[in-house]
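# Secondary and tertiary structure notes
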Amino acid sequence: MKLYKLFSAIGLIAAMSFTACTDEVDYTPAPEVSTPGVYFSSEEEVNFTIDAQAGAQVITLYRLSGEGELTVPIAAAGDTDKFTVPASVTFASGATSAPVSITPLVDAMENFATYSLNLTIDDEFTSPYILNAWEGTFTFAEGEEWITIGNCQYTDDMCGPLFSNPCFTWAVEIQEHYNTAGLYRLVNPYGCATSPFRSYCTLSENYVVVNATNPSKVFFGDNPNARTTTGVDMGYGVMTFGLQAFGALADGKITWPVKGLVIYDNDGGYYANQSGAFCIDLTGLK
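Notes on the structure follow. (Residues numbered from 1 in each chain as written. Predicted model: local features only at pLDDT ≥ 70, side-chain atom pairs only at ≥ 80, totals over all residues. Heavy atoms only, no water.)

## Describing the overall build of the protein
Regarding its fold elements, the protein presents two helices and 21 strands. Looking at the protein as shown, the accessible area adds up to about 16,100 Å², and 51% of this sits on carbon and sulfur atoms. (Helix = DSSP H or I, 4+ residues; strand = E, 2+ residues; numbered from the N terminus. Areas by Shrake-Rupley, 256 points an atom, 1.4 Å probe, with all protein chains shown as cover.)

## Some points on the side chain of R185
Considering the arrangement of structural elements, one finds R185 in strand β12 (residues 183-187). No salt bridge is formed by the buried R185. Its closest oppositely charged neighbour is E144, at 6.5 Å. Leaving out residues up to four positions away in the same chain, R185 has contacts with W146, E173, I174, Q175, Y207, V208 and V209. (Buried < 20%, exposed > 50% of the residue type's maximum accessible area, 1.4 Å probe, protein only. Lys, Arg positive; Asp, Glu negative; His and termini not counted. Salt bridge = Lys/Arg side-chain N within 4 Å of Asp/Glu carboxyl O. Contact = heavy atoms within 4.5 Å.)

## Thoughts on the sheet that holds strand β6 (residues 88-91)
Read from one edge of the open sheet, five strands run β2-β9-β8-β4-β6, paired in mixed fashion. Lying at the two open borders of the sheet, with one neighbouring strand each, are β2 (47-50) and β6. Averaged over all pairs of adjacent strands, the angle between their axes in this sheet comes to 30 degrees, without regard to strand direction. As judged from the four bridges shared by β2 and strand β9 (residues 133-140), these two strands associate in the parallel manner. Within β9, the residue paired with N47 across the bridge is T137. (Pairing = 2+ DSSP bridges. Axes fitted to C-alpha atoms, helices over the stretch in contact; angles between N-to-C directions.)

## Some details on the sheet that holds strand β20 (residues 268-272)
Read across the sheet, four strands follow the order β15-β16-β19-β20 without closing on themselves; strand pairing throughout is antiparallel. In this open sheet, the two edge strands, each paired with only one partner strand, are β15 (228-233) and β20. Pairs of neighbouring strands in the sheet enclose a mean axial angle of 30 degrees, with direction left out of account. Where strand β19 (residues 261-265) meets β20, five bridges bridge the pair, whose relative direction is antiparallel. The residue bridging Y264 from the neighbouring strand is G269, located in β20.

## Comments concerning the pairing of β19
Across the five residues of β19, four count as buried, placing the element largely inside the fold. Here four bridges tie strand β16 (residues 238-243) to β19, and the two strands are oriented antiparallel to one another. What sits directly across from F241, in β19, is I263. Here β19 hands over to β20 after two residues, the two strands then running antiparallel side by side.

## Focus on the packing of aromatic side chains
Overall, the coordinates contain 18 aromatic pairs when judged by the stated rule. For the ring pair F220 and W256, a centre distance of 4.8 Å and an interplane angle of 10 degrees mean the geometry is stacked. Pair noted here: F220 is in strand β14 (residues 219-220) and W256 is in the loop between β18 (253-255) and β19, with a separation of 36 residues, a long-range link. In this structure, F220 and W256 share a single accessibility class: buried. By way of ring pairs, the aromatic residues Y154, F168, W170, Y190, F197, F220, F241, W256 and F278 are connected into one cluster. Sitting over the ring of Y264, R227 keeps its end group 3.5 Å from the ring centre. (Phe/Tyr/Trp six-rings, centres within 6.5 Å; stacked < 30°, edge-to-face > 60°. Lys NZ or Arg CZ within 6 Å of the ring centre and 35° of its normal.)

Interpretation note: all reported values are geometric properties and have no functional meaning in isolation.
And the structure:
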């Protein structure tokens, strides 16, 4: 009885589906839009790096038809106090594109800071089917973002001890961020000329960021969960390292607790800093 009811239900659904296929379906076309069809291309540049001599940066506004001269208002949003933006752009008769000049007010910008700007076209001139907005960023960079402050003494308790080597110490160039005290960068610590691991380092250029802006919570890279490459390959893949615990900056030395670091190669991860010797010593910068 249950089997019969199941077959009956399936047959009913099939019959209903078949009937629906024969019904006529009403189609409502999208409303016609009668505007000049002004738009921004999705291929327009959106990220600019500028300096004091950069001057106006130009993007392009487009329209679907070149009929007649056309003036189009532009609305700006974002960090508008950092830019001069035209209130409108005029298409010449026959032209389907027009330049939009954006002038950064560099005297009002902070060095190595990034500012955003949004430009939109009113619905009267565009269409819901094309791109009527543009959003870009401008990074003002004058001079060097990282300043070399000398050579620190770098003691490795990661790569070496993993292969039963001692904890070597050598001089490494260290830089500090232009406007962020405590944000450091080591210049290729394992590939530099003084490194005992130089012949094993696969990277001719490598920067290791050390974030000591909070002296009690020091970490590497952009965030505490990131892994950092050493560039060193001793036959088991390039070694990277990460945190088990935060480090600390005290008395001019950056240190980590025992087993506060982890070293990785292709075979997996291992506790590092097992003797607690890992150190970035800033006391004798020269």
